[in-house]
Amino acid sequence: MHRRDFLKATAQAGLTYSALPLLPSLKRTAAYKLALIGSGWWGTNILRAALQHGGCKLVALCDVDQRQLAAAQKEINSLTSDRPKTYTDYRELLHKEKPEIVIVATPDHWHPLIAIAAMQQGAHVYVEKPICHTINEGKAMVKAARRYNRVVQVGTHRRVSPHNRSGIEFLRSGKLGKIGMVRSFVHYGGGAGKLVPDEAPPAELNWDMWCGPAPLRAYNPSIHPKGFRQFLDYANGQLGDWGIHWMDQVLWWTEEKYPRRIFSSADRFIRKDNTDAPDTQNVIFEFESFTATWEHRLYAANEAERTNVGCYFYGTEGTFHMGWLDGWTFYPANKNSAILHEAPKLHKPDDQNIPELWEDFMQSIQQGRLPVCDIAIGQRSTNMSLLGMISYKLGRSIEWDGEKEVIKNDEAANKLLQRKYRGEWEYPS
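Chemist: I'd like to hear about the overall build of the protein, residue by residue, with values.
Modeler: Tallying secondary structure elements over the protein gives 12 helices and 16 strands in all. Over its C-alpha atoms the protein spans a radius of gyration of 21 Å, differing by no more than 12% from the 22 Å that the globule rule assigns to 429 residues. Projected onto its principal axes, the C-alpha coordinates of the protein cover approximately 65 × 55 × 45 Å. Residue pairs in contact within the protein that sit at least 24 positions apart in sequence constitute 69% of those at least 6 positions apart.

Take a look at the structure:
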C-alpha cells in the first residue's frame, strides 16, 4: 500500500470513536462516586455537565482556594441533592473518599501528579488540557493510564463539536484537494498592561500548595485566579493554552502523529506587566507531507481580521477555515463554485461542547473502550505546543523523534523535556 493510501485509510478509520478493548464491561445501576479537583470556573463547567448527565454521585470537592470551593458549592446546591465533602489536599480526598471518577481541572502544572494519583487509587479521569507542563510528564500519564487500565479523557471538546467533526470529514473527503499547509492562529486584543505589586496571599488560599511542584514565587493577584497561563512557571502561554486545541485539529485531520522539525520565533514586544510568556509567537511545524504554522499576538485586535481563532487549511481545490464561534467555511478555488458553510452548535454561556465529551467519557467506561479524546491523543497534541515552547526557549530549531519521544542529537534540548520539582514532590516516571 502506498503511504498516501495508508494515511487516507487510517484517517477515515479515525473518524469513528475508538472501539479498542481497554476495560471489562461495567454494567451497574449504582452511580459512580465522583470528585472534582480544582473547583474554579472551568472545573465547575465540567462538573455541571457531569451532574446534568446523571450516573454519578458527587462525593467530594477539592481546591486550595476556599473561595472557589464556596462558589462551587453554591452552584452545586442548585443542581443536585448531593452534599459533597470538601478538601484542600487532593491526597486526603483520594485516600478517604476513594472516588471512581475524578475531574482534574487545576492549573496546568498540577495535572500530571493529580491525574496519576487518581489512576493509582483506581479512578477513571477527565483531565483538562494541556495534560502537562513538560513533555515527560505526559509520557508518565499515558504509561499510568495503560498500567492501571483506566479511562482517561482529555478536555479537548472540539473533538465532539458537530461542526468540527463534519469539518474533518470534509477535509478527509478530498474535496479540498492536496493540502500542503495549515495555518493555526489565535489573535486577541490587549496592550502593554501594568505591573501589579506582590502581596500577601488571601487567607483562604494555600499559596504554597497552589504552587506545589512548581517554583514558589511571591503571590500576585495577576497569577491567581485565572491569570496563571501567562506565567511560564505554571503554564506555557497562549501556545500552551489555546494552541493545543488547534494543534489537535491538525493532528486529527492528518493522522501523522507528530512533526519532524519545529522552529519558533517569539518575544515580548508589547507587554510590560507581570507576565513572562511571549506576547508574540510564530511556530513552524514540518511534517512529512505538509507544513503547519502557529501564530498569536496578545494585542492589536482589529476589524480587518474578524476571524481571530482557528485553522486555515490550504489545498489545491481551495481554502478551508475551521473556526470556533463561526463554524467552518470552504472557499473554493473555482470562483464559479459556491462557498460552503456550517454553523456551530455550542452550549452557552461558554460556547463549548463539554456535555457531548462527558457522554463519550461515560460510555467509554461502560463499554470498555478508549474515549474519543484518549490521553495518548491529548499527549500528542500537548507535545506540539510544548515543542514549540522548547524551540522558543532555545532560540533555534529542534528535530523531534516522535517514536522515541526525544529531541534528536540535542542534549541541551532534551534537558527541557522535564524539570526539577520543588520540595517533597517527585517528578513522575
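Chemist: Explain the pattern of salt bridges to me, using residue names and the numbers behind them.
Modeler: With the rule as written, the count across this model stands at 23 salt bridges. Across the pair D351 and K348 runs a salt bridge, and its minimum N-O distance is 2.6 Å. Take K348: its relative accessible area is 65%, and that puts it in the exposed class. Here D360 and R369 are joined by a salt bridge, their closest N and O atoms 3.1 Å apart. Note on accessibility: D360 and R369 belong to one class, buried.

Chemist: Can you tell me about helix α5 (residues 111–121), naming the residues and giving the values?
Modeler: Most of α5 sits out of view: 9 of its 11 residues are buried. For α5, the set of buried residues is H111, P112, L113, I114, A115, I116, A117, A118 and M119. The inward-facing, buried residues of α5 contact β1 (32–37), α4 (90–97), β4 (101–104), β5 (124–127), α6 (135–147) and β6 (152–154). Just beyond α5, the residue with positive phi is G122, at close to 115°.

Chemist: Requested: an account of the sheet that holds strand β3 (residues 85–87), with residues and values cited.
Modeler: If you trace the 6 strands from one edge of the open sheet to the other, you get β3-β2-β1-β4-β5-β6, paired in parallel fashion. Among the strands making up the open sheet, the edge pair consists of β3 and β6. For this sheet, the mean angle separating the axes of adjacent strands, direction not counted, is 20°. Across 3 bridges, the pairing between β5 and β6 is parallel. For V125, the partnering residue across the bridge sits in β6 and is V152.

Chemist: Would you mind going over the packing of aromatic side chains in detail, with residue names and values included?
Modeler: Under the criterion given, the structure shown has 23 aromatic pairs. When the ring of W358 is compared with that of F361, the centres are 5.1 Å apart and the planes differ by 70°; the resulting orientation is edge-to-face. With W358 and F361 both in helix α10 (residues 354–367), this residue pair falls 3 residues apart, about one helical turn. For the residue pair W358 and F361, the accessibility class agrees, reading buried in each case. One aromatic cluster is present, built from ring pairs that chain together F170, W253, F287, F290, F313, F320, W328 and F330. The side chain of R183 reaches across the aromatic face of F185, ending 4.7 Å from its centre.

Chemist: Break down the side chain of D273 for me, citing the residues and quoting the values.
Modeler: Mapped onto the elements of the fold, D273 is located in the loop between β8 (261–267) and β9 (280–286). In this view, D273 contacts A192, G193, K194, L195 and R268; residues no more than four positions away in its chain are not counted.

Chemist: Let's hear about unusual backbone geometry: which residues, and what values?
Modeler: The omega torsion across H224 and P225 is 0°, close enough to zero to call that bond cis. Along the chain, P225 turns up in the loop between α8 (207–211) and α9 (237–254). Cis rather than trans, the peptide bond between K348 and P349 has omega equal to 10°. Within the secondary structure layout, P349 lies in the loop between β14 (340–342) and α10.

Chemist: Residues and numbers for the pairing of strand β11 (residues 309–315), please.
Modeler: Of all 7 residues in β11, 6 are buried; the element is thus mostly enclosed. Bridge analysis of strand β7 (residues 179–187) against β11 gives 7 bridges, and the strand direction is antiparallel. Residue M181 lies in a different strand from β11, and its bridge partner there is Y314. With 5 bridges joining them, β11 and strand β12 (residues 318–322) adopt antiparallel strand pairing. Pairing of F313 across the sheet is with F320, part of β12. Hairpin connection between β11 and β12: a loop of 2 residues separates the two successive antiparallel strands.

What counts and how
Residues numbered from 1 in each chain as written. Predicted model: local features only at pLDDT ≥ 70, side-chain atom pairs only at ≥ 80, totals over all residues. Heavy atoms only, no water. Helix = DSSP H or I, 4+ residues; strand = E, 2+ residues; numbered from the N terminus. Rg over C-alpha atoms; globule rule 2.2 N^0.38 Å. Contact = heavy atoms within 4.5 Å. Salt bridge = Lys/Arg side-chain N within 4 Å of Asp/Glu carboxyl O. Buried < 20%, exposed > 50% of the residue type's maximum accessible area, 1.4 Å probe, protein only. Pairing = 2+ DSSP bridges. Axes fitted to C-alpha atoms, helices over the stretch in contact; angles between N-to-C directions. Phe/Tyr/Trp six-rings, centres within 6.5 Å; stacked < 30°, edge-to-face > 60°. Lys NZ or Arg CZ within 6 Å of the ring centre and 35° of its normal.

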